[in-house]
Amino acid sequence: MITARNLRRLVRVPTMIAFATVQPVLFVLLFTYVFGGAIRPPGVDKYVDFLLPGIFVLAIAFGASQTGVAIADDLATGMIDRFRALPMTRSAVLAGRTAADAVRNLFVLLLMTGVGHAIGFRFHAGIPAATGALGLALLIGVAFSWINALVGLLVRDAEAAGLVGLMPVIVLVFTSSTFVPVATMPGWLQAFAKINPVTVTVDALRALVLGGPTADHVWQALAWITGLLLVTVPTAVLRYRHTTAA
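Residues numbered from 1 in each chain as written. Predicted model: local features only at pLDDT ≥ 70, side-chain atom pairs only at ≥ 80, totals over all residues. Heavy atoms only, no water.

Caption draft 1: Local environment of the overall build of the protein. Across its full length, the protein carries ten helices and zero strands. When the helices and strands of the protein are placed in sequence order, the string is α-α-α-α-α-α-α-α-α-α. Each of the 246 residues in the protein was classed as buried or not, and the buried ones make up 48%. For the protein, long-range pairs separated by at least 24 residues make up 78% of all intrachain contacts whose partners lie at least 6 apart in sequence. A total accessible area of about 11,400 Å² is found for the protein, and carbon and sulfur atoms account for 70% of it. (Helix = DSSP H or I, 4+ residues; strand = E, 2+ residues; numbered from the N terminus. Buried < 20%, exposed > 50% of the residue type's maximum accessible area, 1.4 Å probe, protein only. Contact = heavy atoms within 4.5 Å. Areas by Shrake-Rupley, 256 points an atom, 1.4 Å probe, with all protein chains shown as cover.)

Caption draft 2: The arrangement of the packing of aromatic side chains in detail. Overall, the coordinates contain eight aromatic pairs when judged by the stated rule. A centroid spacing of 6.0 Å and a plane angle of 40° characterise the contact between Phe27 and Phe31, whose relative ring orientation is tilted. Placement of both Phe27 and Phe31 in helix H2 (residues 14-35) is noted, with a separation of four residues, approximately one turn of the helix. By relative accessible area, Phe31 is classed as buried at 16%. Aromatic side chains Phe31 and Phe35 sit 5.5 Å apart centroid to centroid with 45° between the ring planes, which places their arrangement in the tilted category. (Phe/Tyr/Trp six-rings, centres within 6.5 Å; stacked < 30°, edge-to-face > 60°.)

Caption draft 3: Local environment of the packing of helix H6 (residues 127-155) against helix H9 (residues 197-210). Put simply, H6 and H9 touch, their axes get as near as 8 Å, and they point 165° apart. Considering their axes alone, H6 and H9 lie roughly antiparallel with respect to each other. Viewed along their axes, H6 and H9 form a crossing whose handedness is left-handed. Two secondary-structure elements touch here, H6 through Ala129, Gly132, Ala133, Leu136, Ala137 and Ile140 and H9 through Thr201, Ala204, Leu205, Leu208 and Val209. Looking at the contact of H6 with H9 residue by residue, the classes come out as nine nonpolar, two polar and no charged. (Axes fitted to C-alpha atoms, helices over the stretch in contact; angles between N-to-C directions. Parallel < 35°, antiparallel > 145°, perpendicular 65-115°, else oblique. Left-handed = near helix turned anticlockwise from the far one by under 90°. Nonpolar A, V, L, I, M, F, W, Y, C, P; charged D, E, K, R; others polar.)

Caption draft 4: Local environment of the nonpolar core. Core analysis: the biggest nonpolar cluster contains 45 residues, and Ile55, Leu58, Met112 and Phe179 have the highest contact counts within it. Put simply, the parts of the chain that give this core at least two residues each are H2, helix H3 (47-77), helix H5 (91-118), H6, helix H7 (158-174), H9 and helix H10 (215-245). Not counting residues up to four positions away in its chain, the partners in contact with Leu58 are Phe27, Phe31, Val173 and Phe179. In terms of nonpolar packing, the next biggest core, distinct from the first, is built from eleven residues, Val93, Leu94, Trp146 and Leu153 among them. (Core = buried A, V, L, I, M, F, W, Y, C linked by side-chain atoms within 4.5 Å.)

Put into structure tokens, the structure is as follows:
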């Protein structure tokens, strides 16, 4: 019920539709054509093949800020109080929200893949690896959604939740391997970039897209995602219960 409600809300609000469709397409086109002529990653024939795994994470991370905004807005408008009167577990509100985000993210990933394919992007490691790449991107999206759900519960203001949710994403994305190889960065920045969870996830997606050794990259990404979920999910649920009990 909560998942369906959030999906209906996405369809009915024009700005949310634009955020879910126009922004990812712009990411793919702008970064490909702005950076593509200047950046030549080693071992990659086309920059779009190098770029798109990073854009997957970028678009999902930016979109996840809307989770915090929606949770904070529901708190401010009293919608959460209405949910309390319904026969469902309290955590269902958060789970339903993140499930709706996963559906949205799948649509965004397929949209970006289609646009990327039109300008030359290809999955080079076959269908199983391509499916794994999309699945891994969806998993990191779930982690980002739960992080932002917690932000919304803590901030309790929609505008502030959007800003708080975006700031760490901007820092992590632009200090990662999203756009350029880590080896091109200054030594002091490389040390951080290599352990950056965005770098770890993008490198795993890139390995699944381009082919070659993938196991280590994927396991490291899964370890990061699992760690984030183990911290944020129980914390968000406890915070939600505390908020609704007040």
